[in-house]
Amino acid sequence: MLVIVAPGQGAQTPGFLTPWLDLPGVADRLSAWSEIVRLDLIAYGTTADADEIRDTAVAQPLLVAAALAAAETLGLSLSADGKGATPDLLAGHSVGELAAGALAGVLTPEEALGLVRERGQAMARAAAVTRTGMTAVLGGTDVLESIDKHGLTPANINGAGQIVAGGTLEQLAAFKEEPPARARLIPLQVAGAFHTSHMAPAVDDLRAAAAELTPRDPRIKVLSNRDGTVVESGADFVARLIDQVSNPVRWDLCMETMASLGVTRMIELLPGGTLTGLAKRGLRGVETVALKTPDDLEAAKELVK
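Residues numbered from 1 in each chain as written. Predicted model: local features only at pLDDT ≥ 70, side-chain atom pairs only at ≥ 80, totals over all residues. Heavy atoms only, no water.

Some words on the pairing of strand S8 (residues 265-268)
Inference 1: With burial as the criterion, each face of S8 is covered, one bearing Arg265 and Ile267 and the other bearing Met266 and Glu268.
Inference 2: As defined by bridge partners, strand S1 (residues 2-6) adjoins S8 across four bridges and the pair is classed as parallel. Bridge assignment links Val5 to a residue of S8, and that residue is Glu268.
Inference 3: This β-α-β element, S8 to helix H12 (residues 274-282) to strand S9 (residues 287-290), shows right-handed connectivity. (Buried < 20%, exposed > 50% of the residue type's maximum accessible area, 1.4 Å probe, protein only. Helix = DSSP H or I, 4+ residues; strand = E, 2+ residues; numbered from the N terminus. Pairing = 2+ DSSP bridges. Right-handed = clockwise from strand over helix to strand, strands pointing away.)

And the structure:
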């Protein structure tokens, strides 16, 4: 069984789109999608520096567009007729859920990009209210208890010994001074405490934007970050990804579902690496390919066959 996954915010790096522009059609796609998100996706994906693409309003549309462009080069369908290669399962981490939803047929690519534009801007506005951030916790003991002690939120429970804590910069500084035993802390390059109560103001804005859409039921099985379940209703999928903005991402439960369904192969869309890394530790024996450069396409296409 093949699952295709789309990464979330923080996976982007300066210049990551550069080699992909040499592939037929990619530049044209990104130029057209730039009109929808009102950003120069090609410039942000090639010449922008790390600070510029850390901006939530930039990073989120850039990531969804990159994932969809890579999916198309892989031979997956971006149209409602579903023609093209078809995975058995789809999942996205955080904002990656919008790419997964588009590939599942819940939204068109244009609808997903319009919605992610609103999502990125709404979350950027929410992040500007209070200085917040996120820190990955690798390993350790009594991690959840320590996170709670410092007033933080376990914003991403990723499995494979990784939890991401979100909260104010002051709370994160105190957490750094008194970390969980035997844990390694890595501050993330994000602009706010996503998937925590700090993002609550963004939910209403996003819900209003989504009210103009008519989601379709998925044509491919797609998982929800809320609880790792397969979502059968398009309306439910969109409602879940909106609520997820201010609630924790349970990627650990997504991987549990992948294991229970018998996933044997995983492809992580551009910019890949994070989710396949988790799978190597949490889904042992699953064959993985992360799309980082076009050189990875041949191996990925072998998994699609």
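There's more to say after this.
As for helix H1 (residues 26-37)
Inference 1: Spanning 12 residues, H1 covers 16 Å between terminal C-alpha atoms, matching the ideal 16 Å at 1.5 Å per step.
Inference 2: When H1 is considered as a whole, its buried residues turn out to be Val26, Leu30, Trp33, Ser34 and Val37. Considered in projection along H1, the buried side chains sweep an arc of 120° and stay on one side of the axis. Away from its buried face, by an angle of more than 90 degrees, H1 presents the exposed residues Asp28 and Glu35.
Inference 3: At the C-terminal side of H1, Arg38 shows a positive phi close to 60°. (Expected span 1.5 Å × (residues − 1). Arc of directions from axis to C-beta.)

Quick notes on unusual backbone geometry
Inference 1: Cis peptide bonds are those with omega within 30 degrees of zero, and the linkage from Leu270 to Pro271 qualifies with -5°.
Inference 2: Note on placement: Pro271 falls in the loop between S8 and H12.
Inference 3: Phi at Arg38 is positive, roughly 60°, even though this residue is not glycine.
Inference 4: On the secondary structure map, Arg38 appears in the loop between H1 and helix H2 (41-46).
Inference 5: A positive phi angle, close to 60°, is found at Ser94, a residue other than glycine.
Inference 6: By the secondary structure assignment, Ser94 is in the loop between strand S2 (89-92) and helix H5 (96-103).

Some words on the packing of helix H4 (residues 56-73) against H5
Inference 1: Orientation of H4 relative to H5, taken along the N-to-C sense of each, is 35°, at an axis distance of 8 Å. At the point where H4 passes H5, the crossing takes the right-handed sense. On H5, the residues touching Val64, Ala67, Leu68 and Ala71 of H4 are Leu98, Ala99, Ala102 and Leu103.
Inference 2: Each residue belonging to the contact of H4 with H5 can be placed in one class, and the counts come to eight nonpolar, no polar and no charged. (Axes fitted to C-alpha atoms, helices over the stretch in contact; angles between N-to-C directions. Left-handed = near helix turned anticlockwise from the far one by under 90°. Contact = heavy atoms within 4.5 Å. Nonpolar A, V, L, I, M, F, W, Y, C, P; charged D, E, K, R; others polar.)

Some points on the sheet that holds strand S6 (residues 183-187)
Inference 1: Spatial ordering of the open sheet is given by S4-S5-S3-S6, a layout of four strands whose pairing is antiparallel. Single-partner strands in this sheet number two, and they are strand S4 (153-159) and S6. Across the sheet, the mean angle from the axis of one strand to that of its neighbour is 25°, orientation sign disregarded.

Description of the sheet that holds strand S7 (residues 221-222)
Inference 1: Strand order in this open sheet of five strands is S7-S2-S1-S8-S9, and the pairing throughout is parallel. Either end of the sheet is taken by a strand with one partner, and the two such strands are S7 and S9.
Inference 2: Where S2 lies against S7, two bridges are found, and the strand directions are parallel. Bridge pairing in S7 places Leu90 opposite Val222.
Inference 3: Strands in contact with H12 are S1, S8 and S9; relative to S8, the strand with the most contacts, it is inclined by about 155°.
Inference 4: Strands in contact with helix H13 (residues 297-304) are S1, S8 and S9; relative to S8, the strand with the most contacts, it is inclined by about 140°.

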